[in-house]
Amino acid sequence: ILDLGCGGGQNCIALARQGARVTGVDLSEMQIAHARRLAAAEDVHVDLVLGSLEELAAFDTGATDIVFSSYTFPYVADMARCLEECARVLRPGGRLVFSLDHPVRGCFFDEEAGELLPFPARTYFDETPVRWRFDGTSVRMETIHRTLDTWIALLGDAGFCLTRLVEPKPSLEMLDDLWPEDDPRAPLRNLPQCVIFLAEKR
């Protein structure tokens, strides 16, 4: 399994514990260093590589069974290139599994306020980057909003067949924590929060 945007390595460790041979890739030296410390502390072997998700030259063509990514792809500027590389490293019939904040959720984000609003702040079809500050810091972040239609087209163009699209129902506990029913933003409870794509290399 190739974990793209592995961050602190938590998913790598969880997958390795289930018997997978896992390699994590991340652009951040600090995240890779943290992942190495965490894997050592957990006594789990995972390979960790510093690198870009748009250039996977370190990995052989057709040598990977699964490419996995959790909440990272919206940070990738050249998503077409990234998906082409995912397809290249996967064996025929190999699987790509990735999750995102649901694109509908992005319509409710107000850049100026830096928070979600109880009503749409931008059109769903606006695919310009969204800029925001990381919670509690001055670090500026940028994510690229893409519609579900765009994601499905990108997958097809890269040689993937979408086999399933999952929109998990959020738990009541999570909704109560984020937006209690007496909160002005309680209408956000009615939105899908996450989407998971499962695709197969043709």
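Residues numbered from 1 in each chain as written. Predicted model: local features only at pLDDT ≥ 70, side-chain atom pairs only at ≥ 80, totals over all residues. Heavy atoms only, no water.

(A) Geometry of the pairing of strand β8 (residues 129-133). Here β8 shows one buried face, formed by Val130 and Trp132, and one open face, formed by Pro129, Arg131 and Arg133. In the sheet, β8 pairs with strand β9 (residues 140-144) via five bridges, with the strands oriented antiparallel. By the bridge assignment for β9, Arg131 is matched with Glu142. Linkage of β8 to β9, two consecutive antiparallel strands, is achieved through a turn of six residues, within which Gly136 is found at a positive phi near 75°. (Buried < 20%, exposed > 50% of the residue type's maximum accessible area, 1.4 Å probe, protein only. Helix = DSSP H or I, 4+ residues; strand = E, 2+ residues; numbered from the N terminus. Pairing = 2+ DSSP bridges.)

(B) Structural context of the side chain of Asp3. By the element assignment, Asp3 lies in strand β1 (residues 2-4). Here Asp3 sits buried without a salt bridge, and the closest side chain of opposite charge, Arg17, lies 13 Å off (N-O distance). In this view, Asp3 contacts Asn11, Cys12, Val22, Thr23, Gly24, Val25, Phe68 and Ser69; residues no more than four positions away in its chain are not counted. (Lys, Arg positive; Asp, Glu negative; His and termini not counted. Salt bridge = Lys/Arg side-chain N within 4 Å of Asp/Glu carboxyl O. Contact = heavy atoms within 4.5 Å.)

(C) How the structure looks around the nonpolar core. Within the largest apolar cluster, 39 residues are counted, with the highest numbers of intra-cluster contacts made by Leu4, Phe73, Leu96 and Phe160. Breaking this core down by element, the ones donating at least two residues are β1, α3 (79-89), β5 (90-101), β8, α5 (148-157) and β11 (194-201). Top element by residues in this core is α3. It accounts for six residues. Beyond its immediate stretch of four places on either side in the chain, Leu4 contacts Val25, Leu53, Leu56, Val67, Phe68, Ser69, Ser70, Thr72, Phe73 and Cys86. Ranked by size, the runner-up nonpolar core spans eleven residues in total, among them Ile13, Val44, Val46 and Leu48. (Core = buried A, V, L, I, M, F, W, Y, C linked by side-chain atoms within 4.5 Å.)

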